[in-house]
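Commentary on secondary and tertiary structure
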Amino acid sequence: MGLRKPNGGQGLHMAPLRFIAAVIALAVLGVAGCSGDTGEADPTGGATTGAAAPSTSPAPTKPTGIEPPEKPAAMANADEEGAIAAAEYFLRMTTYAAATGDTAQLEAMSGPDCEFCGSYLESMDNLYGEGKGETWATVPDLDISFAHAKPTQEANQYQVNMRTHKGTFDYFDEEDGLQQGPEEALVMVVVVTHNSSNEWTVEEAQDFPSDTEIPGEKP
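Quick look at the structure, then.

Rules used in this analysis
- Residues numbered from 1 in each chain as written.
- Predicted model: local features only at pLDDT ≥ 70, side-chain atom pairs only at ≥ 80, totals over all residues.
- Heavy atoms only, no water.
- Disulfide = S-S within 2.5 Å.
- Buried < 20%, exposed > 50% of the residue type's maximum accessible area, 1.4 Å probe, protein only.
- Core = buried A, V, L, I, M, F, W, Y, C linked by side-chain atoms within 4.5 Å.
- Helix = DSSP H or I, 4+ residues; strand = E, 2+ residues; numbered from the N terminus.
- Salt bridge = Lys/Arg side-chain N within 4 Å of Asp/Glu carboxyl O.

On to the state of the cysteines. Summed over all chains, the structure comprises one disulfide. Each sulfur in the disulfide pair Cys 114 and Cys 117 lies 2.2 Å from the other. A torsion of 70 degrees about the S-S bond marks the disulfide between Cys 114 and Cys 117 as right-handed. Of the two residues, Cys 114 and Cys 117, both sit in the buried class.

The nonpolar side chains of a soluble globular protein tend to be buried, and buried together. Membership of the largest hydrophobic core comes to 38 residues, with the highest contact counts inside it found for Phe 90, Met 109, Val 160, Met 162, Val 190, Trp 200 and Val 202. Residue assignment for this core shows that the elements contributing at least two residues are helix H2 (80-100), helix H3 (104-109), helix H4 (115-128), strand E2 (142-151), strand E3 (157-166), strand E4 (169-173), strand E6 (184-194) and strand E7 (200-209). The dominant element in this core, judged by the number of residues it contributes, is H2, at 12 residues. Grouped together as the second largest cluster of nonpolar side chains are five residues, Phe 146, Val 187, Val 189 and Ile 214 included.

With that settled, consider the pattern of salt bridges. Tallying each qualifying case throughout the model produces two salt bridges. Between Lys 71 and Glu 199 there is a salt bridge whose closest N-O contact spans 3.7 Å. One end of the pair, Lys 71, is in the loop between helix H1 (22-29) and H2; the other, Glu 199, is in the loop between E6 and E7, with 128 residues separating them in the sequence. Accessibility expressed as a relative area gives 37% for Glu 199, which makes it partly exposed.

Dropping the structure here:
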């Protein structure tokens with residue numbers, strides 16, 4: 001598709017079929033932070049005898065009433081504006097899926113050759129699939145401070161470059177208990193195609209460090 005790898009700070013490009021692994025994808029878009037502090041008591045807190053007393057902390061309550069992100073009206077446009085709206089919607093759908101396990105809309109938007117999409121959907125199944133026990137997360141704030149779309153060499157296709165900031169979020173599973181995921185700033189690149197059904201399909205996605213230059217972004 002005429003896309004290239006990052007090149008020494010000369011602007012942001014993307015190499016086809018080079019994607020972050022599922023674990024990194026989750027860290028970027030709202031599910032990681034599952035490892036770390038196990039919640040064990042500090043051994044310096046005082047000597048005890050016999051078995052440790054059970055925790056009296058109440059069990060965390062699973063959030064309810066989480067609504068999926070609203071589809072932007074601009075997604076009806078088969079142009080740069082529509083491509084930006086579609087890419088932003090895709091990112092917000094990943095945080096919703098991570099919080100609820102509901103991947104229906106995300107799967108419908110994911111192209112068959114999108115390795116990022118496939119890895120993310122597989123990770124959601126690993127987290128929320130049958131027999132996995134109780135798992136949930138809160139939806140982090142996702143701020144997109146800059147977005148730019150440019151056509152690729154393929155018909156009706158655009159590469160969207162976005163500067164993003166994801167806030168902290170809570171994550172719970174039965175094995176590790178309640179934890180908090182960190183905030184994170186990244187540049188995200190999403191390639192989308194406007195298809196014959198007047199919908200947008202995600203073809204590729206990748207992340208870059210926050211100091212990556214985006215062409216056209218003012219300092």
